[in-house]
Amino acid sequence: MSNPILLVVWEFPPGPGGIGQHAYSLARAIQAKGGKVIVVTSADYLLASEIEKFDAKHLDWKIFRVTTRIPLIKQFIRAFRVIQTARKFHASKAFFSGKGALWLIPWVRIFMRSGSLSAILHGSEINLSNRVLRRYTHYCLGKAHNLFPVSTFTRSLLPARLRESNKVHVVPNGINRSELENINQLDTILKGQPALLTVGQITRRKGQHNVVKALPWLVKRWPALHYHIVGLPTLGEQLMDKARHLGVANYITIHGFQSRQDVLQFYKASDIFVMLSETQDNGDVEGFGIAILEANFFAKPAIGSRGCGIEDAINNGETGYLVDNHNPDQLLQAIDCILKDYKLFSKQAHSWSMKFEWNELVDRIIFP
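Residues numbered from 1 in each chain as written. Predicted model: local features only at pLDDT ≥ 70, side-chain atom pairs only at ≥ 80, totals over all residues. Heavy atoms only, no water.

**Q** Is there a simple way to explain the packing of helix α10 (residues 208-221) against helix α14 (residues 328-340) in this structure?
**A** Packed helix pairs are characterised by how far apart their axes lie and by the angle those axes make with each other. With their axes 9 Å apart at the nearest point, α10 and α14 run at an angle of 35° to one another. Judged by the twist between their axes, the crossing of α10 over α14 is right-handed. Only Pro328, Leu331, Leu332, Ile335 and Asp336 of α14 make contact with α10, whose side of the interface consists of Ala214, Trp217, Leu218 and Arg221. For the contact of α10 with α14, the class distribution of residues is seven nonpolar, no polar and two charged. (Axes fitted to C-alpha atoms, helices over the stretch in contact; angles between N-to-C directions. Helix = DSSP H or I, 4+ residues; strand = E, 2+ residues; numbered from the N terminus. Left-handed = near helix turned anticlockwise from the far one by under 90°. Contact = heavy atoms within 4.5 Å. Nonpolar A, V, L, I, M, F, W, Y, C, P; charged D, E, K, R; others polar.)

**Q** Is there a simple way to think about the sheet that holds strand β9 (residues 252-256) in this case?
**A** Paired through backbone hydrogen bonds, the strands of a sheet run either parallel or antiparallel to each other. The six strands are arranged β9-β8-β7-β10-β11-β12 in an open sheet whose pairing can be described as parallel. Every interior strand has two partners, whereas the edge strands, β9 and β12 (320-323), have only one. Each neighbouring strand pair of the sheet contributes to a mean axis angle of 20°, computed without reference to strand direction. By the bridge criterion, four bridges tie strand β8 (residues 226-230) to β9 in an arrangement that is parallel. Counterpart to His228 in the pairing with β9 is Thr253. Strands in contact with helix α11 (residues 236-246) are β8 and β9; relative to β9, the strand with the most contacts, it is inclined by about 175°. With respect to the sheet, helix α13 (residues 290-297) is in contact with β7 (195-199), β10 (272-275) and β11 (302-305), its orientation differing from that of β10 by roughly 175°. (Pairing = 2+ DSSP bridges.)

**Q** I keep staring at a nonpolar patch on the surface and nothing clicks. Help me out?
**A** On the surface, a nonpolar cluster with roughly 460 Å² of combined accessible area is contributed by Ile70, Ile73, Phe76, Ile77 and Trp107. Broken down by element, the residue count for the nonpolar patch peaks at three residues, all from helix α3 (residues 71-88). Here Trp107 shows up in helix α5 (residues 105-111). Residue Trp107 is classed as partly exposed on the basis of its relative accessible area, which comes to 39%. (Patch = residues over 30% accessible without salt bridge, like charges linked within 9 Å, V, L, I, M, F, W, Y side chains within 5 Å. Areas by Shrake-Rupley, 256 points an atom, 1.4 Å probe, with all protein chains shown as cover. Salt bridge = Lys/Arg side-chain N within 4 Å of Asp/Glu carboxyl O. Buried < 20%, exposed > 50% of the residue type's maximum accessible area, 1.4 Å probe, protein only.)

**Q** Explain the sheet that holds strand β3 (residues 62-66) to me, please; I cannot follow it from the model alone.
**A** Read from one edge of the open sheet, six strands run β3-β2-β1-β4-β5-β6, paired in parallel fashion. Since the sheet does not close on itself, it has two edges, and those belong to β3 and β6 (146-149), each with one partner. Here the strands of the sheet are splayed against their neighbours by 20° on average, with no regard to which way each runs. Relative to β3, strand β2 (residues 37-42) is paired through five bridges, and the arrangement is parallel.

Shown next, in the form of structure tokens:
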């Protein structure tokens, strides 16, 4: 990997978002293998002080942040910057992650003829509700040399002509062991026996509302149970209105957006990770669920929804359970089974997470 690898993504730390965290972990893994990475990303909606602090810790990286909030010219400015960067540094490969990045592939391919262009697919970007954008996205994917869906479920969302092609390689999300091991030694204490945790922006897709709807059944079985939610509280007020209506508001704490180190502390302090994600009519889906593996690393069993990418993240019956996200009884039974044999589930969860170490997965992306 003598020539640098270009990574194009519009979510990237210090901003929130699973796509950004995926890109950051991939970049670190490439560098750990001796490769050079150039990142082109967005600076929109981030404080300059946050960017400066993050970039100061990564002085050996080349991170170019594009700023523009004018929708009509945004893609043109982004495309120009990506093409300019690719040609200036003679990038040998380019990876595009997230729908805004995918839409640049045909433009970049015109000017970057010697390198390969690959799309990393998380799920929601594939079948957008807008028919024009959906067709254009599929056209862009057709122009890529390789497609890397993060789960078998995400692969199933592709149109047949792409899904069955030999340029599709399923590579799951991974964990960065060295980062997770480098957790602050301060011990966070979460109330609740058991303490349930969901990490992710409060949205319909992430499914926190499905856990809240099940709480009346759960607290009857475990009166000391508490549900902790970490993530941007986008629909936080609506969620708490629902909780008050059900009489379970006292069993919920919304912690809001937390620093990366604090998120790791929440994993460590919880008992069971829960992600009852829900596929949306606009095509927004859970492509994998990286937070599940991160919780597993800290020996926390997980419970997640069937019918989405979470099916690849949970080894059903061993590291946790897959359930119907609208069936409170299935959630209750899953928690009960885990608590009855908690040490075994914890041990198996940690062992499972180690199969998704980025240092191993990165070779499947760089050398498909």
